[in-house]
Amino acid sequence: MLNTILFLIGFPFLAAILVWLAPAGKPRAVAVRVSCAVISAASVLLAAGMLHLPDQIFPFHNGLVDKMLFPAEALLTVIIIWLGIKYKKALAPALAVIQFLIMFYFEMTCGGELAPQYNLYIDQFSVIMALVIGVIGSLICLYAVSYMRDYHRHYPKLADRRGYFFFVLFLFLGAMFGLVFSNNLLYMFLFWEITTLSSFLLIGYTRTPDAIKNSFLALTMNLAGGIAFALAIVFLYKSYGIIELDKVVAAKNIALLPVALLCLAGVIKSAQMPFSSWLLGAMVAPTPTSALLHSSTMVKAGVFLLLKLAPVLKSTVVGDMLVLIGGLTFLLCSLINLSERNVKKVLAYSTVANLGLMVACAGVGSYEAVWVGIMFIVFHAVAKSLLFLVVGTTENRFYTKDMENFDNMVVKMPKLAMLYVIGIAGMFVAPFGLVISKWAAIEAFLKIDSLLSPILMLILAFGSAATMFYWTQLLGKILSVREMPQEEKQREIRVGNDEWFSEWAHAGISIAVCVLFPLISRVWVEPYIAGIYGHSFGIGEGNYAIMLIMFAMLVIIPLAILRYGKKMKYSADKTYVAGRDIDENYAFECAIDTRKEISLKNYYPSEFFSENSLLKAGNSACAVFILLMILGEFTWR
Amino acid sequence: MAEILHIDKDEKLISYHAYILEAAGLHVHPASSAQAARAYLETARPDVIITEASLAGKTDGFDLVKEINAKYPGIPVMILTSVYDEMDDAWKDAFDRDKSWLPVYRFMEKPVSPIVLAEEVEHVLEEAGHKHA
Amino acid sequence: MEIIWGIVYVILAPFAGGLLAGVDRKLTARMQRRVGPPVLQPFYDVLKLFGKENFEVNRLQFPFMLCHLVFMVYTGALFYSGSDMLLMIFALTVAATFLVLAAYSANSPYSFIGAQRELVLVLSAEPVLILVAAGVFKVTGTFRLYEAVATGNELIKFLPGLFLCLFYVFTIKLRKSPFDISYSHHAHQEIVKGISTEISGRTLALLEISHWYENIFLLGFIFMFFAFSPVLGVAVTLLAYLAEIVIDNSNARLRWQWTLVSSWLITLIFGGGNLVALYLAGR
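Parameters and conventions
Residues numbered from 1 in each chain as written. Chains lettered and ligands numbered in written order. Predicted model: local features only at pLDDT ≥ 70, side-chain atom pairs only at ≥ 80, totals over all residues. Helix = DSSP H or I, 4+ residues; strand = E, 2+ residues; numbered from the N terminus. Rg over C-alpha atoms; globule rule 2.2 N^0.38 Å. Buried ≥ 20, exposed ≤ 12 C-beta atoms within 10 Å, placed from the backbone. Contact = placed C-beta atoms within 7 Å. Core = buried A, V, L, I, M, F, W, Y, C linked by C-beta atoms within 7 Å. Pairing = 2+ DSSP bridges. Axes fitted to C-alpha atoms, helices over the stretch in contact; angles between N-to-C directions. Nonpolar A, V, L, I, M, F, W, Y, C, P; charged D, E, K, R; others polar. Right-handed = clockwise from strand over helix to strand, strands pointing away. Parallel < 35°, antiparallel > 145°, perpendicular 65-115°, else oblique. Left-handed = near helix turned anticlockwise from the far one by under 90°. Expected span 1.5 Å × (residues − 1). Arc of directions from axis to C-beta. pLDDT = per-residue confidence, 0-100.

Asks: Would you mind going over the overall build of chain B with me for this structure?
Replies: Along its length, chain B carries 5 helices and 5 strands. Reading the helices (α) and strands (β) of chain B from amino to carboxyl end gives β-α-β-α-β-α-β-α-β-α. Relative to the compact-globule value of 14 Å for 133 residues, chain B shows a C-alpha radius of gyration of 14 Å, a close match. The C-alpha extent of chain B, read off along each of the three principal axes, is 45 × 30 × 25 Å.

Asks: Looking at this structure, how should I read the overall build of chain C?
Replies: On a plain count of helices and strands, chain C comes out with 11 helices and 1 strand. Radius of gyration (C-alpha) of chain C: 19 Å, near the 19 Å computed for a compact globule of 283 residues. Overall, chain C is about 60 × 40 × 40 Å in size when its C-alpha atoms are taken along their principal axes. With 283 residues in all, chain C has 56% of them scored as buried. Taking the contacts inside chain C whose residues are at least 6 apart along the sequence as the reference set, 76% of them involve residues at least 24 apart.

Asks: Whenever I open this one, unusual backbone geometry confuses me. Can you help?
Replies: Generally, phi is negative for residues other than glycine and the peptide bonds are trans, each holding for most cases. In the segment running from Met273 of chain A into Pro274 of chain A, the intervening peptide bond is cis, with an omega of 0°. Considering the arrangement of structural elements, one finds Pro274 of chain A in the loop between helix H10 (257–269) and helix H11 (277–281). The linkage connecting Lys110 of chain B with the following residue, Pro111 of chain B, adopts the cis geometry, with an omega of 0°. Relative to the elements of secondary structure, Pro111 of chain B occurs in the loop between strand E5 (106–109) and helix H5 (114–127). In this structure, Lys88 of chain A is a non-glycine residue whose phi angle is positive, near 55°. Considering the arrangement of structural elements, one finds Lys88 of chain A in the loop between helix H3 (63–86) and helix H4 (91–110). Although it is not a glycine, Asn408 of chain A sits at a positive phi angle of roughly 60°. With respect to the helices, strands and loops of the structure, Asn408 of chain A is situated in the loop between helix H16 (367–398) and helix H17 (409–412).

Asks: I tried to follow the interface of chain A and chain C on my own but got confused; where do I start?
Replies: By a widely used convention, the size of an interface equals the accessible area lost when the partners come together. The interface is formed by 50 residues belonging to chain A together with 55 residues belonging to chain C. Breaking the side of chain A that touches chain C down by element, the ones donating at least two residues are helix H19 (433–446), helix H20 (452–478), helix H23 (541–564) and strand E3 (571–572) of chain A.

Asks: Would you mind going over the nonpolar core with me for this structure?
Replies: Taken as a class, soluble globular proteins show a tendency for nonpolar side chains to be buried jointly. Core analysis: the biggest nonpolar cluster contains 344 residues, and Cys263, Leu322, Ile325, Ala362 and Val378 of chain A together with Ala91 and Ala133 of chain C have the highest contact counts within it. The residues contacting Val378 of chain A, other than those within four sequence positions of it, are Ile128, Val132, Gly433, Val513 and Ile520 of chain A.

Asks: It is not clear to me how the sheet that holds strand E4 (residues 77–81) of chain B should be interpreted in this structure. Could you clarify?
Replies: Within a sheet, neighbouring strands are paired by backbone hydrogen bonds and run either parallel or antiparallel to one another. All names here are of chain B. One open sheet accounts for 5 strands, arranged E2-E1-E3-E4-E5; its pairing is parallel. The open sheet terminates on both sides in strands that have one partner only, identified here as strand E2 (26–31) and E5. Neighbour-to-neighbour, the strand axes of the sheet open up by a mean angle of 20°, direction not taken into account. The pairing of strand E1 (residues 2–7) with E2 spans 6 bridges and is parallel.

Asks: Where do I start with the interface of chain A and chain B in this structure?
Replies: Taken together, the contacts link 18 residues of chain A with 18 residues of chain B. It is helix H5 (residues 124–154) of chain A that provides the largest number of residues to the side of chain A that touches chain B, a total of 3 residues. The class makeup of the residues in the side of chain A that touches chain B is 5 nonpolar, 5 polar and 8 charged.

Asks: It is not clear to me how the arrangement of the chains should be interpreted in this structure. Could you clarify?
Replies: Contacts between protein chains span 2 pairs of chains, and they are most numerous for chains A and C. These two, chain B and chain C, are apart from each other, with no contact and a minimum C-alpha gap of 17 Å.

Asks: Before we go on, may I ask you to explain the environment of Asn497 of chain A in this structure?
Replies: Residues and elements named next belong to chain A. On the secondary structure map, Asn497 appears in helix H21 (residues 497–515). Exposure remark for Asn497: the 10 C-beta atoms within 10 Å place this residue in the exposed category. Sequence separation between Asn497 and Leu236 is 261 residues, and the spatial gap between their C-alpha atoms is 50 Å.

Asks: Looking at this structure, I do not really get the pairing of E4 of chain B. What am I missing?
Replies: The side chains of a regular strand alternate between both faces of the sheet. Residues and elements named next belong to chain B. Burial of E4 is extensive: 4 of the 5 residues sit out of reach of the surface. Taken together, the 3 bridges between strand E3 (residues 48–51) and E4 define a ladder with parallel strand orientation. Note that in E4 the partner of Ile50 across the bridge is Met78. For the crossover that starts at E3, traverses helix H3 (residues 60–71) and ends in the parallel E4, the hand is right-handed. The sheet contact formed by E4 and E5 spans 4 bridges and is parallel. Counted as the bridge partner of Thr81 is Glu109 from E5. Each parallel crossover has a hand, and for E4 linked through helix H4 (residues 89–97) to E5 it is right-handed.

Asks: Explanation requested: the packing of H20 of chain A against helix H11 (residues 256–280) of chain C in the structure shown.
Replies: Relative orientation and spacing of two packed helices are given, respectively, by the angle between their axes and the distance between those axes. For the pair H20 of chain A and H11 of chain C, interaxial distance at closest approach is 8 Å and the crossing angle is 155°. The orientation of H20 of chain A relative to H11 of chain C falls into the category roughly antiparallel. Where H20 of chain A crosses over H11 of chain C, the handedness of that crossing is right-handed. Residue-level inspection shows Ser453, Pro454, Met457 and Leu458 of chain A of H20 of chain A in contact with H11 of chain C, the latter providing Leu268, Gly272, Leu275, Val276 and Tyr279 of chain C. Residues belonging to the contact of H20 of chain A with H11 of chain C are distributed by class as follows: 7 nonpolar, 2 polar and no charged.

Asks: Mind showing me how you'd approach the packing of helix H8 (residues 160–173) of chain C against helix H10 (residues 230–250) of chain C here?
Replies: Residues and elements named next belong to chain C. At a minimum axis distance of 11 Å, the contact between H8 and H10 shows a crossing angle of 60°. Classified by the interaxial angle, the pair formed by H8 and H10 is oblique. As for the relative orientation of H8 and H10, their crossing is right-handed in sense. Here H8 contributes Phe167, Phe170 and Thr171 to the contact with H10, which in turn contributes Ala240, Glu244 and Ile247. In terms of residue class, the contact of H8 with H10 is made up of 4 nonpolar, 1 polar and 1 charged.

Asks: I would appreciate a short explanation of the environment of Ser250 of chain C in the present structure.
Replies: Residues and elements named next belong to chain C. With respect to the helices and strands, the residue Ser250 is situated in helix H10. With 10 C-beta atoms packed within 10 Å, Ser250 lands in the exposed category. Distance in space between the C-alpha atoms of Ser250 and Met31 is 9.9 Å, their sequence separation being 219 residues.

Asks: I keep staring at H10 of chain C and nothing clicks. Help me out?
Replies: The periodicity of an α-helix, 3.6 residues per turn, causes residues three or four positions apart to be oriented the same way. Residues and elements named next belong to chain C. Along its 21 residues, H10 runs 30 Å from first to last C-alpha, staying within 8% of the 30 Å computed at 1.5 Å per residue. Listed as buried for H10 are Tyr241, Glu244 and Asp248. The buried residues of H10 occupy an angular sector of 50° when projected down its axis, which confines them to one face. For H10, the exposed residues lying more than 90 degrees away from the buried face are Val231, Leu239 and Ser250. As for H10, its buried residues are in contact with H8 and helix H9 (201–224).

Asks: Hey, could you run me through the confidence of the model for chain C in this one?
Replies: The share of residues in chain C with pLDDT of 70 or more is 96%, and the mean pLDDT across the chain is 89. In the model output, the complex is listed with pTM 0.94 alongside ipTM 0.95.

What follows is the structure in structure tokens.
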């Protein structure tokens, strides 16, 4: 088991070097494909190997690794300073230096005496994360092979640094694996900062002014989180002699300040308000980055840490503040999406909103809430990743990210439209996982015995209503039908096989996790919960039956119609445009002998749900909650 | 009001694009052959050029682009073509690995919605540092 | 067992719903000093629709409408078999989604605006449904309707604010003025027939039938608050429906912005207030 873990952490680093050195074109593509296959196979083997086994914890006292930790930190700092100088940015290098000095001080004063018991561990929650990182992550890297080829074809003037791009992608995967298996906080911190660096490098990949600005924004905010993390480590060791995560969770009567600092790091990493702008800005990056880091994996690292700390957070000021931060972020970001046209921004705000729910679950800290949080991670990672991938394919074929240009996709690219249907359904249609998790979340939140309970109900009620609105708008546009000549339809043959394979695999996994939902719960999530809280939690059998019936209806009816529908007789008719003569449902004759195109634009009620006002409100409120989270320690004790 | 030189054998396509491009404040000059394009360029400087890759021959558009870039380096060029599908794998692989021989700001494949085309033209004008009303 | 009531609903609701629609039209006519169509007119209409030639604008509308009907029936069946309230609301949302998709697929102006407005209506009404489910849970400790109601809980006593909100969105759900912004039986729609502009023949028949199922389900939702005293419950339900007819006839249509803002404000104040009051009272 330990060997598999070490392999999962180490192999991606090797693969990163391999793909960077591989010659451009076919050799690099093959290197990436093989690495992806190996990583996903290894993750699946790990999961299979851990089936029904109890949690395991490993001493892993490796002198070489321990000696390398601090130099690695130093290297990260140097890289950031160098790039800060190169692009004339002062804040990020300054923060990096502060962070480094904190760790330097720690190293000098305590480095010699540290004696962690167990550096690595594995439990079923890590297994789930490993599956997400290993399978979904690999599929995204695979997708990137043909996506980046088409991306560079679209922008011939862009410097082609794909080898470096894949290097950072695999580096990131290795760091994520390290993060979820680390018990030693110093290990976790190093991997955490490597993910920050990877995000920074990938956002800035195109080196356009926008890319540079947003990459430094992401870097600065996440470095602030890193400083919080570093301070937490120093506090924990100096005050309690704790350097390991399991000891933090198990400790009785420890001050919550270091925990609050860790939570702050997690909140920033998951782009909760007031730190959401970095994730929104990160959307300038090529789509594989958005899919991998900024929806399915890196941002989940923040939530992962919070959920791990959940038992400590229950019924504390820190926990309550997290509930408010996460809940308010969920509500406001869902409302902002009502007026949003750029599909990548819609996906980004949706991601932040869903992360908000997961953060709130962690803040609640009950066993039901943690169950919900973990299930959310699974379902959201798959569905959101699929959506980002198809948006990327859309970008490369239709050259647009504006929802208004998605009309008639079901006619122009039916396979892609189908994938959108599965992805969007996965986000808000029952009985797909996200909705079912929301249902369990409502129940978990109702059981809270405080004013937070009605507040959360209101947040969930309004937020969920909003999500149905904008997803259906997008879906409707995609599924609108009009006759068109062959030249207007896109040639699906142009989409690379890597993209298709990855997207269909995502779709299949999306459906599978929906149907196998109780299995996932019983095999992975419930044992983890039971291990910590003593109880387990699940969805009743009767309700599962209802879900299955709904799922069957969702699948069978459309399929049946599509199959037998061809035999159904009907007379085709033109749409009604107040009696005007129309030309193939596209343009119509209007006054004074002119032809006007039919142009149908969605409602974007920005008078009520303006991004600016909602952001301002959310950022201010959440900034207050964050202050209370950290200081509440002192006033409410 | 930016000026676009739109080069394509298919005049109907150019007028289809022009219908929307004009509405977006981009004036379109059509040219249905390389000669027509060269002739136009002798007399006027457009702000951006959109061209097919296959005009008289299969890939003579590429040659035209290189020629334009040599003679008029300040004008950004965009390729809007259906020729990519017809090239063989060897050419595609070579193109994938090295595009430096083709000095264009965009390489786009038909069909493209005219609305999207208008937006792309705006982006290219920004990138190339042009200012227009 | 409870399922039997679900089956009863599936079989009887179209008849009850159609009859209700007929009575609605008759009463409305009388209020407007007209004679009005026969009470059984809705059934004649639907039968006639089935007999018409199939004109479709595209291949997707019929499957979408069929799915809308199936999920609407399923929602009502879940309700009447006393099943989980949240799942029922989710099923209702799926049904609503299919209806909107049917309208979107037509790619036509009136249909499209109808779809947008329908989405606004769902946006306006959905928060209330979730809050009602939450309220029921707070009072009874379960989402399963059968257990919540069978134990004789006097929901109206604990959830008056939510009942008020429900009545407000009842108008929305029944597609009555002032909230009939996306679809109307009447000829005075400024967007022709809104979501159903491009729908005719058997597809329109399915839409009609699904309205009947939906109305019976909605009446049940009102009844639920008074289930502890069935006679009172039936009386209140019928009174509520009658009130809706009166409101419909005495109000002009509101703009969609007002629909959204007013229902959200009412939901926040009365619904949210109800839940907060429940917490403060120790539930």
